[in-house]
Amino acid sequence: MDKVVDLYLNNPATKKKWQNFLLKMGITDFGLREIAAIDHTLALIDENGQLVGTGSIANNVLKYIAVCNQDAVPGARFNQMVTALQHYLFDQKIFHSFVFTKAKYATSFSHLGFSELAHTEHAAFLESGTPDINDFIAAIPKIEDQFNKQVAAIVMNANPFTLGHRKLVQLASQENDLVYVFVVATDLSLFKTKERMQLVKSGTSDLKNVLVVSGGDYMVSQSTFPAYFLKSSADLITTQTDIDALVFKNFIAPQLAIKRRYLGTEPFSRTTNFYNQSLTNKLSPLVDVRIVNRFQINGKVITATRVRQLIKEDNLTAISNFVPPQTMQFIYRQKEVLQARIKEGININGN
Amino acid sequence: MEIKTIGVAGTLESSDIQIMISKGTNGIQIDLDSEVIKAYGDQIKEVIITTLKKYGVQNAKVKATDKGALDCVIAARTLTAVQRATETSDQPKLEVL
């Protein structure tokens with residue numbers, strides 16, 4: 001019987017063995033950031049002490065899973081490995097997990113109770129456990145007769161909520177019966193998720209047909225779209241943005257009757273540019289994608305990146321041109337906290 | 001008996017079943033995944049429901065991934081999962097089996 005053991009990749013010899021095994025199994029991508037994101041690695045050892053399988057956990061995502069089926073019942077080692085990874089998560093009270101995998105392995109996971117959220121030509125994205133995407137959508141507030149209304153959606157990180165965001169929401173609010181503003185849930189930005197959520201809510205509270213909700217694990221989250229938060233290669237970004245767009249198309253849009261999605265043009269961020277392209281390609285014609293030009297003030301486009309830069313430079317007067325009063329008050333009150341976070345090294349140049 | 005948290009028991013290995021129980025509001029809802037669902041789906045659900053009812057659970061969401069488990073295994077895994085979900089693992093009611 002094979003045994004499950006812990007692997008500690010900070011030991012160079014162990015890491016070498018692990019890497020050689022994965023290479024033999026056809027996994028070749030060992031990006032530094034991918035490896036650094038791993039929280040824990042498990043391995044399967046056969047009776048002779050040989051490494052015959054491995055799998056890793058990063059947050060709630062299963063990664064680097066490979067098993068050798070030689071001299072074993074087909075599937076047995078894979079099932080044992082995935083069980084062991086899930087039990088590791090259960091021990092930490094994580095009952096909901098994701099896996100990104102090559103499209104051809106999607107069925108192996110669906111045999112283990114994973115359900116597919118999206119797939120492209122090369123990759124598939126599946127989830128397992130509870131609460132799942134249907135629970136997530138069920139918990140989102142809805143209005144009466146929603147399926148006969150014109151419903152639109154905007155997804156934003158709002159780090160922080162600027163006049164540019166405000167104008168985009170306002171435009172959508174005028175052109176539709178209901179607008180969902182999904183705020184990115186991953187907490188990796190200068191403004192904490194709670195703060196961003198609060199600023200979007202207070203900044204749009206006068207628009208009665210706008211509902212501000214969390215994007216959860218399903219819209220630009222660290223699990224599904226890590227490239228949004230880390231600089232990544234073009235191929236990787238395209239795969240991830242395609243998957244993110246498809247989850248929106250397969251589940252979010254049809255179940256909430258969303259027929260339009262608003263995007264801001266992105267003159268600066270390469271990743272967001274890729275994302276806009278993916279959304280346009282994958283969502284139309286089912287969802288009408290409207291790309292709106294960035295709003296300008298005195299010939300300068302408004303970006304949250306600029307606002308973060310000004311906070312760092314302690315130039316609060318200049319910020320007031322770019323943000324609504326609620327965001328401004330918050331920045332005044334929390335200036336020291338925000339500047340301390342920047343000093344501690346939080347990235348303010350990304351998204 | 002009230003479901004307080006999420007409880008899991010069992011594995012995804014052959015002859016076993018993994019049961020995940022969480023809060024529900026609308027009776028006992030079972031989402032079953034099994035290779036033998038056509039032949040044994042109803043019976044598997046029946047065993048899960050009976051075990052939960054005996055434990056005094058009226059409302060719960062159950063996700064079950066079956067790998068060909070026998071009834072006694074299904075009942076045992078369900079019992080362990082519900083004990084974890086109701087946080088009563090320290091006072092096992094084995095007579096439920």
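Keep in mind that what you see is a predicted model, and the values were worked out from it rather than measured.

(A) Just helix α8 (residues 234–256) of chain A, in detail. End to end, α8 of chain A covers 31 Å across 23 residues, agreeing with the expected 33 Å (1.5 Å per residue, within 8%). The largest bend along α8 of chain A measures about 40° and falls at lysine 249 of chain A.

(B) Looking closely at the pattern of salt bridges. For the structure on display, the rule yields 13 salt bridges over all chains. Note that aspartate 132 of chain A and lysine 63 of chain B form a salt bridge whose closest N and O atoms lie 2.8 Å from each other. You can see aspartate 132 of chain A sitting in the loop between β7 (123–129) and α5 (133–138) and its partner lysine 63 of chain B sitting in strand β4 (residues 60–66), one on each of two chains. With its nearest N and O atoms 2.6 Å apart, the salt bridge here joins arginine 77 of chain B to aspartate 16 of chain B.

(C) Just the domain arrangement of chain A, in detail. Residue and element names in this part refer to chain A. The assigned domain composition of chain A is domain 1 (3–130) and domain 2 (136–344). Inter-centroid distance (C-alpha atoms) of domain 1 to domain 2 is 33 Å. Taken together, the contact pairs 16 residues of domain 1 with 15 residues of domain 2. Both faces combined, the contact of domain 1 with domain 2 buries some 1,300 Å², and carbon together with sulfur accounts for 68% of it. Considering only the surface of domain 1 that becomes buried against domain 2, Arg33, Phe100 and Leu117 emerge as the three largest contributors, covering 36% of it. The interface formed by domain 1 and domain 2 includes 0 salt bridges. Our enumeration of links across domain 1 and domain 2 arrives at 3 residue pairs in polar contact (both at pLDDT 80 or more). Of all the secondary-structure elements, those providing two or more residues to the side of domain 1 that touches domain 2 are β5 (96–102), β6 (115–119) and β7. Residues belonging to the side of domain 1 that touches domain 2 are distributed by class as follows: 8 nonpolar, 5 polar and 3 charged.

Definitions and limits used
- Residues numbered from 1 in each chain as written.
- Chains lettered and ligands numbered in written order.
- Predicted model: local features only at pLDDT ≥ 70, side-chain atom pairs only at ≥ 80, totals over all residues.
- Heavy atoms only, no water.
- Helix = DSSP H or I, 4+ residues; strand = E, 2+ residues; numbered from the N terminus.
- Expected span 1.5 Å × (residues − 1).
- Bend = angle between axes of the 7 residues up to and from the residue.
- Salt bridge = Lys/Arg side-chain N within 4 Å of Asp/Glu carboxyl O.
- Domains from an automatic or database assignment.
- Contact = heavy atoms within 4.5 Å.
- Buried area = accessible area lost by both parts, 1.4 Å probe.
- Polar contact = N/O pair within 3.5 Å; in protein donor to acceptor, adjacent residues only side chain to side chain.
- Nonpolar A, V, L, I, M, F, W, Y, C, P; charged D, E, K, R; others polar.

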